[in-house]
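# Close look at the chain arrangement
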Amino acid sequence: MEIAFGKLTDDRHEIVVRDREGPDVRLPPRPTGPSLPHDLVHAVVESALGIDDGFWGATARGATFEGFERIEPGRHRRSGLKVLRRGGDAVMAAELCVNWAYRVWRGLPTEGRGTGRPPLSPDRVALTTAPLDAAAARWKGVPEGGELVWRWGADGR
């Protein structure tokens, strides 16, 4: 599966996902955030940790997530919802891991009110640091109007 993160003006990005089970989809423009697109962080951390059943693994298997639109018009297919129903718990577990790794990488608080129990050991978090640094450098090097292409299952593994 190929994930193209397009860098737009005004600190925004869009995503196009090709070559997955199910139709190609896109995520319309949205704010990028303080350093990287959130869904790029998912690709980096899930790849670094070998998480195959998280957000991008489910997407590769044809899952349908809110906000994604089919690129080619066609009949609505409910199979993407079935994929998500079967793997929803794993996707949520991956979300916690990704958010924790990103939080540590950004130097945000990891102790105190509202942080909860760490979903990752320090050794597992350490596996994500260099890949996040590399992705941040790649994203920074993308000019407005350009794109960073992530090949799920190939990049970061």
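Since this is a predicted model, take the numbers as computed values, not measurements.

### Notes on the sheet that holds strand 4 (residues 69–70)
Pairing is antiparallel across the open sheet formed by five strands, whose spatial order is 4-3-2-1-5. The two strands at the open ends of the sheet, each matched to only one other strand, are strand 4 and strand 5 (147–151). In this structure, strand 1 (residues 2–8) lies alongside strand 2 (residues 12–18), joined through seven bridges in antiparallel fashion. Among the inter-strand pairings, Ala4 is bridged to a residue of strand 2, identified as Val16. Along the sheet, helix 4 (residues 122–140) makes contact with strand 1, strand 2 and strand 5, crossing strand 5 at roughly 145°.

### Concerning the packing of helix 1 (residues 38–49) against helix 4
At their nearest, the axes of helix 1 and helix 4 sit 9 Å apart, and the two run at 140° to each other. Taken together, the axes of helix 1 and helix 4 are oblique relative to one another. Crossing of helix 1 over helix 4 shows right-handed handedness. Of the residues in helix 4, those in contact with Leu40, Val41, Val44, Val45, Ala48 and Leu49 of helix 1 are Arg124, Leu127, Thr128, Pro131, Leu132, Ala135 and Trp139. Here the contact of helix 1 with helix 4 is composed, by residue class, of eleven nonpolar, one polar and one charged.

Criteria and thresholds
- Residues numbered from 1 in each chain as written.
- Predicted model: local features only at pLDDT ≥ 70, side-chain atom pairs only at ≥ 80, totals over all residues.
- Heavy atoms only, no water.
- Pairing = 2+ DSSP bridges.
- Helix = DSSP H or I, 4+ residues; strand = E, 2+ residues; numbered from the N terminus.
- Contact = heavy atoms within 4.5 Å.
- Axes fitted to C-alpha atoms, helices over the stretch in contact; angles between N-to-C directions.
- Parallel < 35°, antiparallel > 145°, perpendicular 65-115°, else oblique.
- Left-handed = near helix turned anticlockwise from the far one by under 90°.
- Nonpolar A, V, L, I, M, F, W, Y, C, P; charged D, E, K, R; others polar.

So far we have only geometry, and geometry alone does not tell us how the molecule works.
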